[in-house]
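# Coordinate inspection notes
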Amino acid sequence: MSVLPFPSFLDDVKEKGLRRALYEGINNVVERLTAGMNVQDLREALRGDPPSRKPNPRLQPHADGFWLHMRPSYFHKSVTGLYPEFRLGWLSTYFVFFETITGIFLMVWYTPSPEVAYSNMLAIMSNVPLGQFMRDLHRLGAEAMVLIVTLHMLRTFFTASYKKPREFTWFSGVLLLAFTMFLSFSGYLLPWDQLALWAVTIGASMVEAAPPEVVGTNLNLLLRGGPEIGANGLLRFYLLHVLAVPALLFVFLGVHYYKVVVHAHSLPPREENIGEDTAKRVPLDKRVYFIPDILTSEIMWIGVTTLVLVVLVTWFFHAPLENHADPQVTPLGTTAPWYFLWIQGALKLGDKVFWGIIFPTIYVGILAVFPYIDTAPSRRWAHRRFQLSFAFVMITGTVILSYMGLPEFGVVTSADSEILHELVKEPAHNHMGIMLPIPFDELRPGMYTTRQFEAASPDEAAEVVSAFNTQIGNGQFEASGSTLIAYLASQHLPVTSLNFTALPNDGGELYNAVHEFEELIAGRPTELPEGWGAVIISDVQDGLKRIDVMMVWQDYENENGRPILNADGEPTIIVDEAGNPVWRVNSQHIFIHENSQYFAAPGT
């Protein structure tokens, strides 16, 4: 008779005793959770013992389970070592889920609006528990995912694992690589800082080159959401990043895994006869079952990879966050993300339609259809000299084009712009302008010049500066077609005269910064002949100072931005009708608040 009006666990306790009923209940739950393996089977698998039940219960989860039906139930022993797989395929899959988990955490605290996106990032980094840690993991994981998927493609190519019958497996892998890159690229914009805005602006502008012009223009508008990237563009990139591209990625990841299961992992080339594919015919003595050997190995790789990421973000890597996005200010040396540098480098070669659209399309297209072109039966390196040479040419070309995509190549930035940028650069990548960290108390209102360091000794600095004031007529000196006073007025700094004073040699930060300013100018003698600099500090209001950094130098003849040198190796100076050198001037200014975090805030 049942204890309750219906059959229950209490009936089992009454009939078999508590201990046996409890064991059988746990055993039944475990078997349901694992889709076929009971407690005894798990114990034997974890101990490395052979299965005691027949048929092998370790194959059941692959047949009846949801999570393991896309994983082979056993592998050939030859593919379970570090070579030839290097576990790159598994690590690529791991990063998909790693990025999904960390991304969901960040989504909770983020709003895709230009009004609050940047403040959300600041809040994540300062107020959200583990916020900066998770953001660093997400950013580093995104970069690592692009790298790992690329290396996985290279490994597949070099071992010729793309050959029949795995052509479509390779094709789906190329799509996954493209989705991975665009997923990382679409996430670039979300912090809404200067790096994000301009990196995406450069990347999106490549779409505009698509022929015909009406197509390129409308694709660019569709992607940006308007003539300039704003609220519409940010929302579109957010939806692409968290919805559209991940959906495509997961679909083709499933297709890719399905094809891997259908055709099995290809063996090392030397272990197969030419033209044969024996990956699915695995002898019993060569089988390594997924449970427990491959499963525990993959868990180990997850643990090691996660440990490496945690160590890197704890001590060595932090996701950059630059100044708030400003479409009116173009940062110096802006580039696309590193994995698109090869396209940016190609654009420097000529026509943007060919090098920005047609060339990358051909490049990716060749990768996608290569297995259908290379139909030779042999996978051995000795028989694939042309294919391997082609691969090395492609890799070399990509590296060279990526180098050409750097701001240092093919783009001449004037020396004055570089030096001014170095002085007033906003914080980015753990670096800031030289003038920014000067303590607020040291920013004494006044006018200071680099010419004071031409004095033979610090005691003579005041005399040198006084003579220099006379030389420039207290600001009536002409440069760039007007007096220095008129130039400063055009920069919204009204002054009646320039009267420089010598900084005391007290070892202060301001003294050191102006001295470094002088060294930067002196280090570019051919680009800044007879150059000198000035730092003008003025009070704007209580607790707020303005710093103007100005440079003056003799103008010279140039070709493509580089000075034309005479027989003595000196720049050819431009002179006016009276035979006097023509001078040029450039300046930038910043505002420093007493509570700015460039230096220790009051009370800290």
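A brief report on the enclosed structure follows.

So, how was this worked out
Residues numbered from 1 in each chain as written. Predicted model: local features only at pLDDT ≥ 70, side-chain atom pairs only at ≥ 80, totals over all residues. Heavy atoms only, no water. Helix = DSSP H or I, 4+ residues; strand = E, 2+ residues; numbered from the N terminus. Rg over C-alpha atoms; globule rule 2.2 N^0.38 Å. Areas by Shrake-Rupley, 256 points an atom, 1.4 Å probe, with all protein chains shown as cover. Buried < 20%, exposed > 50% of the residue type's maximum accessible area, 1.4 Å probe, protein only. Pairing = 2+ DSSP bridges. Expected span 1.5 Å × (residues − 1). Axes fitted to C-alpha atoms, helices over the stretch in contact; angles between N-to-C directions. Parallel < 35°, antiparallel > 145°, perpendicular 65-115°, else oblique. Left-handed = near helix turned anticlockwise from the far one by under 90°. Contact = heavy atoms within 4.5 Å. Nonpolar A, V, L, I, M, F, W, Y, C, P; charged D, E, K, R; others polar. Salt bridge = Lys/Arg side-chain N within 4 Å of Asp/Glu carboxyl O. Patch = residues over 30% accessible without salt bridge, like charges linked within 9 Å, V, L, I, M, F, W, Y side chains within 5 Å. Phe/Tyr/Trp six-rings, centres within 6.5 Å; stacked < 30°, edge-to-face > 60°. Lys NZ or Arg CZ within 6 Å of the ring centre and 35° of its normal.

### Focus: the overall build of the chain
Tallying secondary structure elements over the chain gives 19 helices and ten strands in all. Its C-alpha atoms give the chain a radius of gyration of 33 Å, clearly above 25 Å, the size a compact globule of 604 residues would have. In terms of its C-alpha atoms, the chain occupies a principal-axis envelope of roughly 110 × 65 × 50 Å. A total of about 31600 Å² of accessible surface is found on the chain, and carbon and sulfur atoms cover 62% of it.

### Section: the pairing of strand β7 (residues 544-554)
With eleven of eleven residues buried, β7 lies mostly within the body of the structure. By the alternation rule, side chains of β7 split into Leu544, Arg546, Asp548, Met550, Val552 and Gln554 and Lys545, Ile547, Val549, Met551 and Trp553, which are all buried. Two elements, strand β6 (residues 532-541) and β7, share nine bridges in a ladder whose sense is antiparallel. Looking across to β7, one finds that Gln541 is bridged to Leu544. The antiparallel pairing of β6 with β7 creates a hairpin that spans two residues between the two strands, and Gly543 there sits at a positive phi of about 80°. Across eleven bridges, the pairing between β7 and strand β10 (residues 583-593) is antiparallel. Its bridge partner being in β10, Met550 is matched across the sheet by Ser587.

### Brief notes about helix α11 (residues 231-263)
Between its first and last C-alpha atoms α11 spans 46 Å; for 33 residues at 1.5 Å apiece the expected length is 48 Å, and the two agree. The positive-phi residue at the C-terminal boundary of α11 is Ala264, with phi of around 70°.

### Concerning unusual backbone geometry
With an omega of 10°, the peptide bond between Lys164 and Pro165 qualifies as cis. Relative to the elements of secondary structure, Pro165 occurs in the loop between α7 (131-158) and α8 (167-188). Each neighbour pair has its own omega, and for Pro211 with Pro212 the value is -10°, a cis peptide bond. Take Pro212: it is sitting in the loop between α9 (194-207) and α10 (213-224). Residues other than glycine seldom take positive phi values, yet Phe86 does so here, at roughly 60°. Position of Phe86 among the secondary structure elements: in the loop between β1 (74-76) and α5 (88-107).

### A few points about the packing of α7 against α8
Closest axis-to-axis distance for the α7/α8 pair is 10 Å, and the angle between their directions is 160°. When the interaxial angle is binned, α7 and α8 end up roughly antiparallel. In this structure, α7 crosses over α8, and the sense of that crossing is left-handed. In this structure, α7 contributes Arg139, Ala142, Glu143, Met145, Val146, Val149, Thr150, Met153, Thr156 and Phe157 to the contact, and α8 contributes Trp170, Gly173, Val174, Leu177, Thr180, Met181, Ser184 and Tyr188. Of the residues that constitute the contact of α7 with α8, the class distribution is eleven nonpolar, five polar and two charged.

### Looking at the environment of Gly569
By secondary structure assignment, the location of Gly569 is in the loop between β9 (562-563) and β10. Judged by relative accessible area, Gly569 falls into the partly exposed class, the value being 33%. Gly569 sits 87 residues away from Ser482 along the chain, and the two C-alpha atoms are 30 Å apart.

### Examining the pattern of salt bridges
Taken as a whole and judged by the stated rule, the model has 13 salt bridges. Residue Glu143 is joined to Arg139 by a salt bridge in which the shortest nitrogen-to-oxygen separation is 3.1 Å. Of this pair, Glu143 and Arg139 are both found in helix α7, four residues apart, which corresponds to roughly one turn of the helix. Using a relative accessible area of 19% as the deciding quantity, one classes Arg139 as buried. Note that Arg524 and Glu418 form a salt bridge whose closest N and O atoms lie 3.1 Å from each other. Here Glu418 lies in helix α16 (residues 415-424) and Arg524 lies in the loop between α19 (509-522) and β6, a separation of 106 residues in the sequence. Residue Glu418 is classed as partly exposed on the basis of its relative accessible area, which comes to 30%. Counted as one network, the salt bridges with shared partners bring together Glu418, Arg524 and Glu527.

### Thoughts on the sheet that holds β6
Spatially, the four strands line up as an open sheet ordered β3-β6-β7-β10, and their pairing is antiparallel. The sheet terminates laterally at β3 (446-449) and β10, the two strands that pair on one side only. Averaged over all pairs of adjacent strands, the angle between their axes in this sheet comes to 15°, without regard to strand direction. Strand direction decides the pairing type here: β3 and β6, joined by four bridges, are antiparallel. Pairing of Gly446 across the sheet is with Ile537, part of β6.

### Brief notes about the environment of Ala391
In this structure, Ala391 sits in helix α15 (residues 385-404). Spatially, the C-alpha atom of Ala391 lies 8.4 Å from that of Phe158, the residues being 233 residues apart in sequence. In this structure, Ala391 is in contact with Phe157 and Phe158, ignoring residues within four places of it in sequence.

### As for a nonpolar patch on the surface
Judged by side-chain polarity, Met300, Val304, Val308, Leu312, Trp315 and Phe316 come together as a nonpolar surface patch covering roughly 640 Å² of accessible area. Checked against the element boundaries, Phe316 lands in helix α12 (residues 290-316). Of the residues examined, Phe316 reaches a relative accessible area of 63% and is grouped as exposed.

### What about the packing of aromatic side chains?
For the structure on display, the rule yields 33 aromatic pairs. When the centroid spacing of 6.1 Å and the interplanar angle of 80° are considered together, the rings of Phe95 and Phe98 count as edge-to-face. With a gap of three residues between them, Phe95 and Phe98 both fall in helix α5, about one helical turn apart. Of the residues examined, Phe95 reaches a relative accessible area of 2% and is grouped as buried. Taken together through their ring pairs, the aromatic side chains of Phe157, Phe158, Tyr162, Trp170, Phe370, Phe390 and Phe392 make up a single cluster. Directly above the ring of Tyr188 sits Arg139, whose terminal nitrogen or CZ lies 4.8 Å from the centroid. The ring of Phe157 has Arg384 sitting right over it, with the charged end atom 5.7 Å from the ring centre.

### Here's the deal with the side chain of Thr93
Among the structural elements, Thr93 can be located in helix α5. Filtering out sequence-adjacent residues up to four positions away, Thr93 remains in contact with Leu253 and Tyr257.

As far as function goes, none of this settles anything; it's purely spatial.
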